[in-house]
Amino acid sequence: TCAGYAIPPRFEGEALQLDDPMIYQGRADNLNLSCSENDLMYVIYTSGTTGQPKGVQLEHKTMTNLLAYE
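Just so it is clear, the structure is predicted and the values come from calculations on it, not from any experiment. (Residues numbered from 1 in each chain as written. Predicted model: local features only at pLDDT ≥ 70, side-chain atom pairs only at ≥ 80, totals over all residues. Heavy atoms only, no water.)

### Quick notes on the overall build of the chain
And then number 1: Looking only at helices and strands, the chain has one helix and two strands in total.
And then number 2: Mapped from its N terminus to its C terminus, the chain presents α and β elements in the order β-β-α.
And then number 3: For a compact globule of 70 residues, the expected C-alpha radius of gyration is about 11 Å, and the chain comes in at 17 Å, more than 25% above that figure.
And then number 4: Burial statistics for the chain: of 70 residues in total, 3% are counted as buried.
And then number 5: Pairs at least 24 residues apart make up 7% of the contacts formed inside the chain by residues separated by at least 6 positions. (Helix = DSSP H or I, 4+ residues; strand = E, 2+ residues; numbered from the N terminus. Rg over C-alpha atoms; globule rule 2.2 N^0.38 Å. Buried < 20%, exposed > 50% of the residue type's maximum accessible area, 1.4 Å probe, protein only. Contact = heavy atoms within 4.5 Å.)

And the structure:
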């Protein structure tokens, strides 16, 4: 489990526990971050009306569009 949540058995990535102080070690300067409007910003998980879980991927341009809307 990770912070009380079960990690799906098929998950092949690395789970980070954000309350673990060891992940905040090391230098934080010059991270060389870049981001484009097509990069994934976040995923909303919902079951909708089907009852089956699914994820909706939202890109940065979605937020830019929302902020620019008047």
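### Digging into the environment of Thr 50
And then number 1: For Thr 50, the position within the fold is in the loop between strand 1 (40-46) and strand 2 (54-59).
And then number 2: Only 3.1 Å separates the side chain of Thr 50 from the backbone nitrogen of Gln 52, close enough to count as a polar contact. (Polar contact = N/O pair within 3.5 Å; in protein donor to acceptor, adjacent residues only side chain to side chain.)

### Notes on the pattern of salt bridges
And then number 1: Summed over all chains, the structure comprises two salt bridges.
And then number 2: The partner of Arg 27 in a salt bridge is Asp 29, with the nearest N and O atoms 2.7 Å apart.
And then number 3: For the salt bridge of Glu 59 with Lys 61, the shortest nitrogen-to-oxygen distance reads 3.3 Å.
And then number 4: Taking relative accessible area as the criterion, Glu 59 reaches 27% and is therefore assigned partly exposed.
And then number 5: On the accessibility criterion, Lys 61 (37% relative accessible area) is partly exposed. (Salt bridge = Lys/Arg side-chain N within 4 Å of Asp/Glu carboxyl O.)

### Overview of the confidence of the model for the chain
And then number 1: The predicted model of the chain has a mean per-residue pLDDT of 82, with 91% of residues at 70 or higher.
And then number 2: Within the chain, the lowest mean pLDDT, 84, falls on helix 1 (residues 60-68), and the highest, 88, falls on strand 2. (pLDDT = per-residue confidence, 0-100.)

### Things to note about the environment of Asn 38
And then number 1: Along the polypeptide, Asn 38 turns up in the segment before strand 1.
And then number 2: Of the residues examined, Asn 38 reaches a relative accessible area of 44% and is grouped as partly exposed.
And then number 3: Spatially, the C-alpha atoms of Asn 38 and Glu 59 are 5.6 Å apart, while their sequence positions differ by 21 residues.
And then number 4: Look past the residues within four positions of Asn 38 in its chain and what remains in contact with it is Glu 59 and Lys 61.
And then number 5: Within the structure, the side chain of Asn 38 is placed 3.0 Å from the side chain of Lys 61, a separation counted as a polar contact.

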